[in-house]
Amino acid sequence: IPGINPVLYIKAIRGRNLVAADSNGKSDPYLIIACGGSEGRTRVVKKTVDPEWDSYITLYPSKSTTYDSKISIEAFDEDFIGKDDSLGTASVRIADFMGEEGVTSWIPLSRKGEVELQIQVTGIQGPPVATPTATATFTAGPTPMYQQPVGPSYPASQPQQQQYHSGGE
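All figures in this text were calculated on a predicted structure; none of them were measured in a lab.

Q: How would you explain the nonpolar core if you had to name every residue and give the values?
A: Membership of the largest hydrophobic core comes to 27 residues, with the highest contact counts inside it found for Leu 31, Ile 33, Ile 73, Val 115 and Leu 117. At the level of secondary structure, the elements contributing two or more residues to this core comprise strand E1 (7-16), strand E2 (29-35), strand E4 (52-59), strand E5 (70-77), strand E6 (85-93) and strand E8 (114-122).

Q: How would you sum up the packing of aromatic side chains? Please name residues and give values.
A: Tallying each qualifying case throughout the model produces 1 aromatic pair. Relative to Phe 76, the ring of Tyr 30 has its centre 5.6 Å away and its plane inclined at 20°; by these criteria the two rings are stacked. Here Tyr 30 is found in strand E2, whereas its partner Phe 76 is found in strand E5, with 46 residues between them in sequence. Among the residues examined, Tyr 30 registers a relative accessible area of 4% and is labelled buried. Sitting over the ring of Trp 106, Arg 16 keeps its end group 3.6 Å from the ring centre. For Arg 41, the ring lying beneath its charged end belongs to Tyr 30, and the centroid distance is 3.8 Å.

Q: Report on the side chain of Ser 38, specifying residues and quantitative values.
A: Summarising the element assignment, Ser 38 is placed in strand E3 (residues 38-41). Dropping the residues within four chain positions of it, Ser 38 is found in contact with Ile 33, Leu 59, Tyr 60 and Pro 61.

Q: Describe in detail the confidence of the model for the chain, supporting the description with residues and values.
A: Chain-level pLDDT for the chain is 82 on average; 73% of the residues reach the 70-or-more range. Segment residues 134-141 is flagged for pLDDT under 50; beyond a separation of four residues in sequence, or across chains, it makes 0 contacts in the model. Of the regions scoring below 50 in pLDDT, residues 143-166 engages in 14 contacts with residues more than four places distant in sequence or in other chains.

Q: Account for the sheet that holds E6, naming residues and giving values.
A: Here 4 strands make up an open sheet; going across it, the order is E3-E2-E5-E6 and the pairing antiparallel. On the outer flanks of this sheet lie E3 and E6, each paired with one strand and no other. Sheet twist, expressed as the mean angle between neighbouring strand axes with direction ignored, is 15°. Pairing of E5 with E6, which is carried by 8 bridges, proceeds in the antiparallel orientation. Bridge pairing in E6 places Ser 72 opposite Ser 91.

Conventions adopted
- Residues numbered from 1 in each chain as written.
- Predicted model: local features only at pLDDT ≥ 70, side-chain atom pairs only at ≥ 80, totals over all residues.
- Heavy atoms only, no water.
- Core = buried A, V, L, I, M, F, W, Y, C linked by side-chain atoms within 4.5 Å.
- Buried < 20%, exposed > 50% of the residue type's maximum accessible area, 1.4 Å probe, protein only.
- Helix = DSSP H or I, 4+ residues; strand = E, 2+ residues; numbered from the N terminus.
- Phe/Tyr/Trp six-rings, centres within 6.5 Å; stacked < 30°, edge-to-face > 60°.
- Lys NZ or Arg CZ within 6 Å of the ring centre and 35° of its normal.
- Contact = heavy atoms within 4.5 Å.
- pLDDT = per-residue confidence, 0-100.
- Pairing = 2+ DSSP bridges.
- Axes fitted to C-alpha atoms, helices over the stretch in contact; angles between N-to-C directions.

Below is the structure:
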């Protein structure tokens, strides 16, 4: 929509059956969600492969973001020492989440498990809708050879005349 900046309202609800990256058979998972140069992060949930994030993220992607742009989702295991471990990634199209109330969906991750997100998209125009072209032809049947005048110009007491039109002169 011209003049309106796109905004994505995201609720990271939960994950299930994520990769166990730690020696205790669990992970300390969090998500990084990005789109159009904007990025947000959920809170870390300790010692689980079934996190309940209940986190809200608002993204402000660039104005060039369209309904066909991608939202990237990366799940990580937080580590105190060294680099955080990847638990998997996913990518979804904005068009799949365009609805007035927002759309909630389970999204499978590349390695294992899935995450449930609710995403509401504003300020992004949907795909163009094909408008039908007026190609219908209206026919009312053959043109009558005569037409009876109608209206108040002929009082009921006066006989009504018919007008005839001939095909020739």
